[in-house]
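# Structure at a glance
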Amino acid sequence: MSMETANLKVEGMSCSHCVGAVKSALDALPGVSLVSVSLDDGTVTVDYDTTGTGLDEIKDAITEAGYEVL
Ligand SMILES: [Cu+2]
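To keep things clear, this report deals only with the structure shown in the data block. Nothing here was measured: the structure is a model prediction, and the numbers come from that model. (Residues numbered from 1 in each chain as written. Predicted model: local features only at pLDDT ≥ 70, side-chain atom pairs only at ≥ 80, totals over all residues.)

### Examining the sheet that holds strand E2 (residues 32-38)
What counts here: Strand pairing is assigned whenever DSSP identifies at least 2 bridges connecting the two strands. The helix count covers DSSP runs of H or I at least four residues long, the strand count covers runs of E at least two residues long, and both are numbered beginning at the N terminus. Whether two residues are in contact is decided by their C-beta atoms, placed from the backbone, lying within 7 Å. For helices, the fitted line uses only the C-alpha atoms of the stretch in contact; every axis is such a line through C-alpha atoms, and the angle between N-to-C directions lies from 0 to 180 degrees.
A sheet is described by the order of its strands in space; here 4 strands give the open sequence E2-E3-E1-E4, paired in antiparallel fashion. One side of each edge strand has no neighbouring strand; the edge strands of this open sheet are E2 and strand E4 (68-69). Relative to strand E3 (residues 43-49), strand E1 (residues 3-11) runs antiparallel, the two sharing 7 bridges. Residue pairing in the sheet places Asn-7 in a bridge with Thr-45 of E3. Strands in contact with helix H1 (residues 16-27) are E1, E2 and E3; relative to E2, the strand with the most contacts, it is inclined by about 165 degrees.

Written out as structure tokens, the structure is:
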């Protein structure tokens, strides 16, 4: 088990609905333990176990939810 933290710049999040959509998309990934979203900064911080998921999967989940990872 190896924990990592990803700090991502995400474009397109504008309201609490967006925050919820991103959070639930990431919470659905195996190994993700904590997701925090800052609307003001346009950032998403994800704590995850690298044996469960990876940065590519995290970025894909955000993209599939309809937002752009910069
Ligand atoms: Cu929104």
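### Focus: the nonpolar core
Selection criterion: Joined through C-beta atoms within 7 Å, a set of buried Ala, Val, Leu, Ile, Met, Phe, Trp, Tyr and Cys residues constitutes a nonpolar core. Comment: burial labels come from other C-beta atoms within 10 Å of the residue's own C-beta, placed from the backbone, where a count of 20 or more is buried, 12 or fewer is exposed, and between is partly exposed.
Of all hydrophobic cores here, the largest spans 15 residues; its most connected members are Val-22, Leu-26, Val-44, Val-46 and Ile-62. Excluding residues that lie within four positions of it along the chain, Val-44 makes contacts with Leu-8, Val-10, Val-22, Val-35, Val-37 and Ile-62.

### Regarding H1
Formally: Multiplying 1.5 Å by the residue count of a helix minus one yields the expected span of that helix. The arc in question is formed by the directions pointing from the helix axis toward the C-beta atoms.
Relative to the 16 Å expected for 12 residues at 1.5 Å per residue, H1 spans 16 Å between its end C-alpha atoms, a close match to the ideal helical length. The set of residues buried in H1 consists of Val-22, Ala-25 and Leu-26. Mapping the buried residues of H1 onto a view down its axis gives an arc of 95 degrees, with all of them on the same face. Those residues of H1 that are exposed and aimed more than 90 degrees away from the buried face are Ser-16, His-17, Gly-20 and Ser-24. Buried residues belonging to H1 abut E1, E2, E3 and helix H2 (55-64).

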